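Report on the structure
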Amino acid sequence: MNKKLSKEAYGGVAGKDYVPYITDKSKLGGNIAVLIIGIIFAAVFAASTAYSGMKAGLTVAAGIPGAILGSAFVAMFAKHKGILGRNLVQGMASGGESVASGLIFVLPSVILIGSEFTFLEGVAVGIGGVLFGIGAASLVYNYLIIDQHGHLMYPEAMAISETLVASENAGGDSMKFMGIGFGIGGVLNTLSSSFLNLTNNVMSFAGKSFYKWKFDLEVNPLLLGIGFIVGMDVSLTMFAGSILSAFGITPLLAYFAEMAHDGAMVWNNPSLAINQMAVSDISGSYVKYIGAGMMLCGGIIGAVKLIPTIIASVKETMNAKSSSEDGEGSSSYLIILLAGTVIGLIASFIISESIVMTIVGAILSFILSLLFVIVAGRLTGTIGTSNLPVSGMTIASLVITTVVFVSMGWTSQADNKSLLLFGSFIVVAIAIAGGYCQSQKVTFVVGGNKNEMQRYFTISAIVGVIVVVAVMVLLTEQLQITGDNPPFALPQANLMSTLTSGIMSGNLPWVMIIVGVFMAIVLHFLNLSIMTVAIGFYLPISTTSIILVGALVREFIERSTKNEVEKEVKVSNGISLSSGLVAGGSILGLIGVICQVTGLVGGNGPSGFAAGNGMAVVLLVILVVLTALPILNSKVKDHKNE
C-alpha cells in the first residue's frame, strides 16, 4: 500500500461525504498489545510533560512524537493493526500529555500557599475533570469534527495524520533522530545536578556594585529542545521578557531600595531590610508580582477576545445535531459525562469544608468547565493544542470562582486550598478537551472508530492523572523551594496561588501588580504576545536563555540549507531530535530528582573545575554540537519516500 492522505482530508467536501484513508468501517485498531503500549506512552508523556512544564512553564504536544514512537512499537508488537493501532497509541500519548498540561497550572498552587493535598484529593479532581471534559467535548463531536470539516483545520491533527500515513508507507528517520535526542538528553541530565550532580550545568554572572544584575544560563537538553521546537519568535519574545526583568526592572528597584531608611522592611519578609536586599530578594518579593500582573492582564484580555468564540460555539452547539446521528452512534459519552459529574460531586465533598461550599463549588466548576470545553474544542481546530490559551481560560475561571468565594466569606487558607482544587477540575477539563478533539479529528481523517478512540483516550487520561498526581506528591519538597533559581519555576501555578490568596487576603503588593497590568496593556497595543513576554519576565533568565540557544540552533540550521526541500527535511529531523531531547531530559531528570528525594543518590556535588562556569561552558558547547551535527548531516534523499 502506498496511498497518500487525500486533498479532501483538508476540506473541499462535506464532512459526511469525506472518504477516510482507511475505508473499511469494520476494522478496529485496538488489542491488548496496543492498549499496553498506549498506557506506557500515556504514563511516560504525562510524567515528562509534568516535569518539563513545572520547570519551564512550557509543554510540548505529544501527538507527533507519540505517532513516531507508536509506529515503531506497533510494528514490533501489533503489526497487523497498522495505522489504526498507531493512531490509538498517539491518541493515548496525547491523553497523558493533555492531563499534565492542565494539572501543572493549578494543582501545585496548593503547595505554594503553604498547604498540601493528598493523593486521593488530586486523583479525584483530576479524574472528575478528565471524564467531564471528554463527555462534554463528545457532545459537540458532530459539529466540530464533521459539520466543520474543512472550516476548522485542526493543524496539529493534520500533521499527526500525515505522520501516521508516512509511517504506513515508508517510515523514515524520525525514530532514529528521536533516539539520538533521547540519548543526548539522558546522558547530560544524568551527569548534572538533575541526577548524579557530578558537574555544574549553570553558568552564572552578576554585577553587585553600581548596577545590580544577575545572568544565569542552565545547560539543560530539555530546555534547548523546547527552544528548537517553538522556534525563534516565541523564544526571543520570552527572552525579551527576561531581559526586561533581569536588566531593567530589577536594577531599577535595587537602585531605589538602597535609598530606603534602615527601619524599612520587605513587605513579605519582616526580618529583611529593604536596603539589604540581594537580587534574588528583589526578584522574589517584588519583580515576580509585576510578572503576575502582566499574566493576569494577558489572561483577562485573552478571555475577553474569546467572547465572540464563546457565543458562536454555544450557538452552533445548540443548533448541532446529536452525536449519535452519524452511524457510529453510542451513548457512551453520556455515561462518561455522567461519571465525570458524579466523581466531580464526590471530589467536591472530599475537598470542601461545608455542604454549601460543595454545592456552590461544584455548580461553578461544571458551568465554567462546560463553557470553556466547547471553546477549547473549537480553538484547537484553529490553532492546535500547543497554542491553546489554557492559562487565559483558567485565570478567568479562577477569578470568577475566587470572587464568589470571597462574597460567601470563604477566605481562610483551607478555603483557598478548596478553591484551587476546584480550579484543578476546571483546568483539566479544558486541557483534556483540546487533546481529545485533536485525537478524534485524526481518527476521523484516517478512518478509525471514534468510540474506540474515546475508550482508549479515556483510559490514557486516567493513567495520566494518577502518574502526574503521584509525581507532584513525590516532589512536594522540591516544589516548595522558591527563590532566585528554584528547581521548578512553576510560573503558572505561582500566578494562580498569588492571585487567589491575594484576592482572599487583600495582602498583595498591588502597586507591582498594577504596574504589570499597565505593562501588559502596552504590550497589547504593540501587538506583542502578552503571555509569552510575561512568562519570560516571570521565569528565571537561566531558563529562557537556554531556550533561546535552542532556537538559535534551529535558525543556524535553516540558514545553512540550500533550498526549501532541504530546510523542511532538516527542520523535521531537528524537531524529532528535539522531541527526544525533551523526553530524555524530562524522564532522566524526573528519575534523578526522585532518586535524590528518596536518598538513593546524592553526595557533596562537583568540585574544582567541574563546579565552575567553565564546566557549564564545556557542557553547552557539547550539547550544541551534539544537537546540530546529526541534523546538519541528514540527507534529503533519506526522506523521498516519507
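Here, every reference points to the structure presented above.
Attention in this report is confined to the structure presented alongside it. Fair warning: this is a prediction, and the values are worked out from it, not measured in the lab.

What counts as what
- Residues numbered from 1 in each chain as written.
- Predicted model: local features only at pLDDT ≥ 70, side-chain atom pairs only at ≥ 80, totals over all residues.
- Heavy atoms only, no water.
- Helix = DSSP H or I, 4+ residues; strand = E, 2+ residues; numbered from the N terminus.
- Rg over C-alpha atoms; globule rule 2.2 N^0.38 Å.
- Buried < 20%, exposed > 50% of the residue type's maximum accessible area, 1.4 Å probe, protein only.
- Contact = heavy atoms within 4.5 Å.
- Axes fitted to C-alpha atoms, helices over the stretch in contact; angles between N-to-C directions.
- Left-handed = near helix turned anticlockwise from the far one by under 90°.
- Nonpolar A, V, L, I, M, F, W, Y, C, P; charged D, E, K, R; others polar.
- Pairing = 2+ DSSP bridges.
- Core = buried A, V, L, I, M, F, W, Y, C linked by side-chain atoms within 4.5 Å.
- Lys, Arg positive; Asp, Glu negative; His and termini not counted.
- Salt bridge = Lys/Arg side-chain N within 4 Å of Asp/Glu carboxyl O.
- Polar contact = N/O pair within 3.5 Å; in protein donor to acceptor, adjacent residues only side chain to side chain.
- Phe/Tyr/Trp six-rings, centres within 6.5 Å; stacked < 30°, edge-to-face > 60°.
- Lys NZ or Arg CZ within 6 Å of the ring centre and 35° of its normal.
- Expected span 1.5 Å × (residues − 1).
- Bend = angle between axes of the 7 residues up to and from the residue.
- Parallel < 35°, antiparallel > 145°, perpendicular 65-115°, else oblique.

Turning our eyes to something else, we now look at the overall build of the chain. Scanning the chain from N- to C-terminus turns up 22 helices and four strands. For 642 residues, the compact-globule formula gives about 26 Å, and the C-alpha radius of gyration of the chain, at 24 Å, lands near that figure. On the principal axes, the C-alpha backbone points of the chain span a range of 80 × 60 × 50 Å. For the chain, the proportion of its 642 residues judged to be buried stands at 59%. Nonlocal contacts in the chain, meaning residues at least 24 apart in sequence, comprise 85% of its contacts between residues at least 6 apart.

At a closest axis distance of 10 Å, the pairing of helix α13 (residues 390–407) and helix α14 (residues 413–446) adopts a crossing angle of 145°. The chirality of how α13 crosses α14 is right-handed. In this structure, α13 contributes V390, M393, T394, S397, L398, T401, T402 and F405 to the contact, and α14 contributes D415, L419, F422, G423, I426, V427 and I430. The residue makeup of the contact of α13 with α14, split by class, is nine nonpolar, five polar and one charged.

This part takes up the pairing of strand β4 (residues 269–273). Looking at chain direction, strand β3 (residues 265–266) and β4 are connected through two bridges and run antiparallel. Looking across to β4, one finds that V266 is bridged to N269. Remark: two residues form the turn of the hairpin made by β3 and β4, two consecutive strands paired antiparallel.

Moving on to the nonpolar core. Membership of the largest hydrophobic core comes to 196 residues, with the highest contact counts inside it found for M54, M294 and M472. Per-element accounting of this core gives the leading share, 18 residues, to α14. Excluding its chain neighbours within four sequence positions, the residues that come into contact with M472 are M54, L103, I104, L107, P108, I111, F117 and L479.

As a further point, take the side chain of E452. Checked against the element boundaries, E452 lands in helix α15 (residues 450–474). Here E452 is buried and forms no salt bridge, its nearest opposite-charge partner R455 lying at an N-O distance of 5.0 Å. A polar contact is formed between the side chain of E452 and the backbone nitrogen of G29, at a distance of 3.1 Å. E452 has contacts with L28, G29, G30 and L88, leaving out every residue within four places of it along the chain.

Turning to the pattern of salt bridges, a few remarks are in order. Overall, the coordinates contain nine salt bridges when judged by the stated rule. Its salt-bridge partner being K417, residue E121 comes within 3.2 Å of it at the nearest N-O pair. Residue E121 is found in helix α4 (residues 119–139), and its partner K417 is found in helix α14; the two are separated by 296 residues along the sequence. Take K417: its relative accessible area is 16%, and that puts it in the buried class. A salt bridge links K214 to D216; the shortest N-O distance between them is 2.9 Å. Owing to a relative accessible area of 24%, K214 belongs among the partly exposed residues under this scheme.

Our next topic: the packing of aromatic side chains. With the rule as written, the count across this model stands at 14 aromatic pairs. With a centroid separation of 5.1 Å and 80° between ring planes, the pair formed by F405 and W410 is classed as edge-to-face. Classification of F405 by relative accessible area gives buried; the value is 0%. An aromatic cluster is present here, built from F41, F45 and F73 joined pairwise through their rings. Lying over the aromatic face of Y141, K450 brings its terminal NZ or CZ to 4.4 Å of the ring centre.

Our next topic: the environment of A347. With respect to the element layout, A347 can be found in helix α11 (residues 332–351). What A347 contacts, discounting residues up to four positions off in sequence, is A124 and V125.

A rise of 1.5 Å per residue sets the reference length of helix α9 (residues 279–305), with its 27 residues, at 39 Å; its end C-alpha atoms lie 37 Å apart and thus fit the reference within 8%. The sharpest bend along α9 measures roughly 40° and falls at V287.

For the rest of this paragraph, the subject is the packing of α4 against α15. Where α4 meets α15, the closest approach of the two axes is 9 Å, and the angle between their N-to-C directions is 155°. With respect to α15, the element α4 is oriented roughly antiparallel. The handedness of the crossing between α4 and α15 comes out as right-handed. Between α4 and α15, the residues in contact are F119, G122, V123, G126, I127, V130, L131, I134 and S138 and Q454, F457, T458, A461, I462, V465, I466, V469, A470 and V473, respectively. Broken down by class, the residue content of the contact of α4 with α15 amounts to 14 nonpolar, five polar and no charged.

A few words now on unusual backbone geometry. Within the chain, N197 stands out as a residue other than glycine whose phi angle is a positive 60°. Relative to the helices and strands, N197 resides in the loop between α7 (174–191) and β1 (202–207). The phi torsion at L490 lies on the positive side, around 50°, for a residue other than glycine. Assignment of secondary structure puts L490 in the loop between α16 (476–480) and α17 (491–505).

On the secondary structure map, T543 appears in helix α20 (residues 541–559). The buried category is assigned to T543, whose relative accessible area is 3%. Apart from residues lying up to four places away in sequence, T543 is in contact with K55, A56 and L223.

A separate point is α17. Taking 1.5 Å per residue, 15 residues should reach 21 Å; α17 reaches 21 Å between its end C-alpha atoms and fits that length. In terms of residue burial, α17 counts as a mostly covered element, since 12 of its 15 residues are buried. Looking only at α17, the buried set comprises P491, Q492, A493, N494, L495, M496, S497, T498, L499, T500, G502 and M504. Taken together, the buried residues of α17 touch α3 (82–112), α9, α13, α14, α18 (510–525) and α19 (530–538). Positive phi shows up at G506, right after α17, with a value of about 75°.

Moving on, we get to the environment of T500. With respect to the helices, strands and loops of the structure, T500 is situated in helix α17. Taking the C-alpha atoms as reference, T500 lies 6.9 Å from N416; in sequence the two are 84 residues apart. Beyond its immediate chain neighbours, meaning those up to four positions away, T500 contacts L398, T402, N416, L419 and L420. Within the local environment of T500, its side chain forms a polar contact with the backbone oxygen of M496, the two atoms lying 3.0 Å apart.

These results come straight from atomic positions and should not be treated as a statement about function.
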